Amino acid sequence: EVAGIMGLDGKLFFEDMKYVDTGAVIDYGTGDFSVSFTAVRSEFGLNIVLGDGNTTNSWIFRFTTTAKAWGMRDGSSAFHQASMDADFPLNTTGEFTVTRASDVVSLTLNGVVQVGTISLAPTDAFSWSSIGARGAGTNDPYLGAIYDISDHLGNTWDGTEVDALSNGWTPSGTFLT
């Protein structure tokens, strides 16, 4: 009852390599986009991943005892990384917004625009098809919750299994509750 203890009743609580497969690619193409989500950090080495389960088209938000960084892989697998100035302490909730405008991608965490931005080529497209640590490797597990996802295309997810299934998305295995 981890999620229940943290006040997240009904939300899927990601553990290690668990993920939710959207079944179809959510494609933002090469234009401007905005996506927001809420996440809970519950361990020291943490990677929050929205991606495609492989090495391309992934956002990675990494929080460790020594590093605060976020980055994304483009469709050519090139990794673009930026530093963050905000802290995201253990057992707290973070409100994330990622925005691409004129080929510059920026991050806002808890209402504060972060110092690091990522510059992309006009031809760099972005899409994603999973939530969690799918394909991130055993060194990149995630323990926490990701929920209240929404984007400029109208895709939404409240973080529950019921909503995932109603969207046609598939949770991988049994999640903590």
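To be clear, the structure that these remarks concern was listed above.
Residues numbered from 1 in each chain as written. Predicted model: local features only at pLDDT ≥ 70, side-chain atom pairs only at ≥ 80, totals over all residues. Heavy atoms only, no water.

1. Here we look at the overall build of the protein
Thinking step 1. Helices and strands together make up the secondary structure of the protein, namely two helices and 14 strands.
Thinking step 2. Contacts in the protein between residues at least 24 apart in sequence constitute 65% of all its contacts with a sequence separation of at least 6.
Thinking step 3. Counting only carbon and sulfur atoms, one obtains 50% of the accessible surface of the protein, whose full area is about 7,700 Å². (Helix = DSSP H or I, 4+ residues; strand = E, 2+ residues; numbered from the N terminus. Contact = heavy atoms within 4.5 Å. Areas by Shrake-Rupley, 256 points an atom, 1.4 Å probe, with all protein chains shown as cover.)

2. Re the packing of aromatic side chains
Given two aromatic rings, one states the distance between the centres and the angle between the planes to describe the pair.
Thinking step 1. Scanning the entire structure with this criterion turns up three aromatic pairs.
Thinking step 2. Seen from their ring centres, Phe-37 and Phe-96 are 4.9 Å apart, and the 5° between their planes marks the pair as stacked. Of this pair, Phe-37 sits in strand β2 (residues 33-41) while Phe-96 sits in strand β7 (residues 92-101), and the two are 59 residues apart along the sequence.
Thinking step 3. Residue Phe-37 is classed as buried on the basis of its relative accessible area, which comes to 1%.
Thinking step 4. For the pair Trp-157 and Trp-169, a centre-to-centre distance of 6.1 Å together with 55° between the ring planes defines the contact as tilted. (Phe/Tyr/Trp six-rings, centres within 6.5 Å; stacked < 30°, edge-to-face > 60°. Buried < 20%, exposed > 50% of the residue type's maximum accessible area, 1.4 Å probe, protein only.)

3. Focus on the environment of Val-35
Thinking step 1. Relative to the elements of secondary structure, Val-35 occurs in strand β2.
Thinking step 2. Taking the C-alpha atoms as reference points, Val-35 and Val-98, separated by 63 residues in sequence, lie 5.4 Å from one another.
Thinking step 3. Leave out the neighbours within four places in its chain, and Val-35 touches Tyr-28, Trp-59, Phe-96, Thr-97, Val-98, Ile-149, Ser-150 and Asp-151.

4. Remarks on unusual backbone geometry
Thinking step 1. Of note, the phi angle at Asp-103 is positive, near 70°, even though the residue is not glycine.
Thinking step 2. Structurally, Asp-103 can be placed in the loop between β7 and β8 (104-109).
Thinking step 3. Its identity is not glycine, yet Asn-110 carries a phi of approximately 50°, on the positive side.
Thinking step 4. Mapped onto the secondary structure, Asn-110 falls in the loop between β8 and β9 (112-113).
Thinking step 5. Taking the relative accessible area as the measure of exposure, Asn-110 reaches 41% and is therefore partly exposed.

5. Some words on the side chain of Thr-22
Thinking step 1. Structurally, Thr-22 is set in strand β1 (residues 19-29).
Thinking step 2. Apart from the residues within four sequence positions on either side, Thr-22 is in contact with Trp-128, Ser-129, Ser-130, Gly-168 and Trp-169.

6. Looking at the nonpolar core
Thinking step 1. Residues Trp-59 and Ile-131 are the most contacted members of the largest nonpolar core, which totals 34 residues.
Thinking step 2. Of all elements in the fold, only β1, β2, β4 (58-63), β5 (68-73), β7, β8, β11 (126-132) and β12 (144-151) reach the threshold of two or more residues within this core.
Thinking step 3. Considering each element in turn, this core owes the most residues, four residues, to β2.
Thinking step 4. Leu-8, Val-40, Leu-143 and Tyr-147 belong to the second-largest nonpolar core, a separate cluster that totals six residues. (Core = buried A, V, L, I, M, F, W, Y, C linked by side-chain atoms within 4.5 Å.)

7. Remarks on the environment of His-152
Thinking step 1. Relative to the helices and strands, His-152 is located in the loop between β12 and β13 (156-157).
Thinking step 2. Sequence separation of His-152 and Ser-36 is 116 residues, and the distance between their C-alpha atoms is 9.2 Å.
Thinking step 3. Setting aside its immediate chain neighbours within four residues, His-152 contacts Tyr-28, Asp-32, Phe-33 and Ser-34.

8. Observations concerning the side chain of Asp-151
Thinking step 1. Along the chain, the position of Asp-151 falls in strand β12.
Thinking step 2. Only 2.7 Å separates the side chain of Asp-151 from the side chain of Tyr-28, close enough to count as a polar contact.
Thinking step 3. Those residues in contact with Asp-151 that lie beyond four places of it in its chain are Ile-26, Tyr-28, Ser-34 and Val-35. (Polar contact = N/O pair within 3.5 Å; in protein donor to acceptor, adjacent residues only side chain to side chain.)

9. Focus: the pairing of β7
Thinking step 1. Here β2 runs beside β7; their pairing, made up of nine bridges, is antiparallel. In the sheet register, Arg-41 faces β7, and the bridge partner there is Thr-92.
Thinking step 2. Hairpin remark: β7 followed by β8, antiparallel, with two residues in the connecting loop; positive phi at Ser-102, about 55°. (Pairing = 2+ DSSP bridges.)

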